[in-house]
Amino acid sequence: MNPSSPLSTAIHRLSRRNFIQYGSIWIGSSVIAACTNSNQPSTSNSRLDKVTFGTNWIAQAEHGGFYQAMSTTGCAYATGIYKDYGLDVTIKMGGPQVPSDTQLLMRDAVDFFMGYSMDAVNAIAQGIPKITVAAIFQKDPWCLIAHPNPAIKTLAHLKGKPIYVSASANITYWPLLEAKYGFTEDQKRPYNFNPAPFLIDKNSAQ
């Protein structure tokens, strides 16, 4: 291969962090694709403690490890880690119409749920008996995206503009935007996980 070719240059520019990031996404996606039936209850075993775990969204790369630990027959990537520790785990996927983690926990629909850090804070403030047992990510990033516009350079510049947000925004970042930047309720538009409305309205953010 010619060292000065565009392909060689592109490979050289791929940093170790990028390689790990892209590799993790590929592996995680492969695990989920191979274990598509892992969302079903595992084989019943009276000696195992039955546990139901709810994910915060439809199966995706960062959920790969939870599915890989299943004992799913016919799944080449399944390791059976849950079973090794005495657990019979059923994974219930989240999605756009699935209730919040607090609602599911309080209804005993799940035993554990992959939620948001702000939900834990709100639970304490409201006296809801919910316990956070682990922090999977070191940071919980959120972002708002807007169309290319020289007049929009900071969050403050989005004041008064239509913003498509999900229901979880009401208990996570939206109160901060109202308090710090003067955002108002009439700016909010329901985000239905379809980018089309945002793409059509060049004055909007999501």
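Rules used throughout
- Residues numbered from 1 in each chain as written.
- Predicted model: local features only at pLDDT ≥ 70, side-chain atom pairs only at ≥ 80, totals over all residues.
- Heavy atoms only, no water.
- Helix = DSSP H or I, 4+ residues; strand = E, 2+ residues; numbered from the N terminus.
- Buried < 20%, exposed > 50% of the residue type's maximum accessible area, 1.4 Å probe, protein only.
- Arc of directions from axis to C-beta.

> Please explain the overall build of the protein chain as it appears in this structure.
Check the secondary structure of the protein chain and you find eight helices and five strands. Seen in sequence order, the protein chain has helices and strands lined up from the N terminus as α-α-β-α-α-β-α-β-α-β-α-β-α. Sorting the 206 residues of the protein chain into buried and exposed places 31% on the buried side.

> In this structure, what is going on with helix α6 (residues 117–125)? I would like to understand it.
Since the α-helix turns once every 3.6 residues, residues separated by three or four places project in the same direction. Among the residues of α6, those classed as buried are Asp119, Ala120 and Ala123. Along the axis of α6, the buried positions cluster into a sector of 100°, meaning they face one direction only. Seen from the buried face of α6, the exposed residues on the opposite side, beyond 90 degrees, are Ile124 and Ala125. Of the residues one or two after α6, Gly127 is the one with positive phi, at around 70°.

> Whenever I open this one, unusual backbone geometry confuses me. Can you help?
When glycine is set aside, most residues are seen to have a negative phi, and most peptide bonds are trans. With a phi close to 60°, Asp108 is a non-glycine residue in the positive phi region. Tracing the sequence through the fold places Asp108 in the loop between α5 (101–106) and β3 (112–113). On the accessibility criterion, Asp108 (67% relative accessible area) is exposed.

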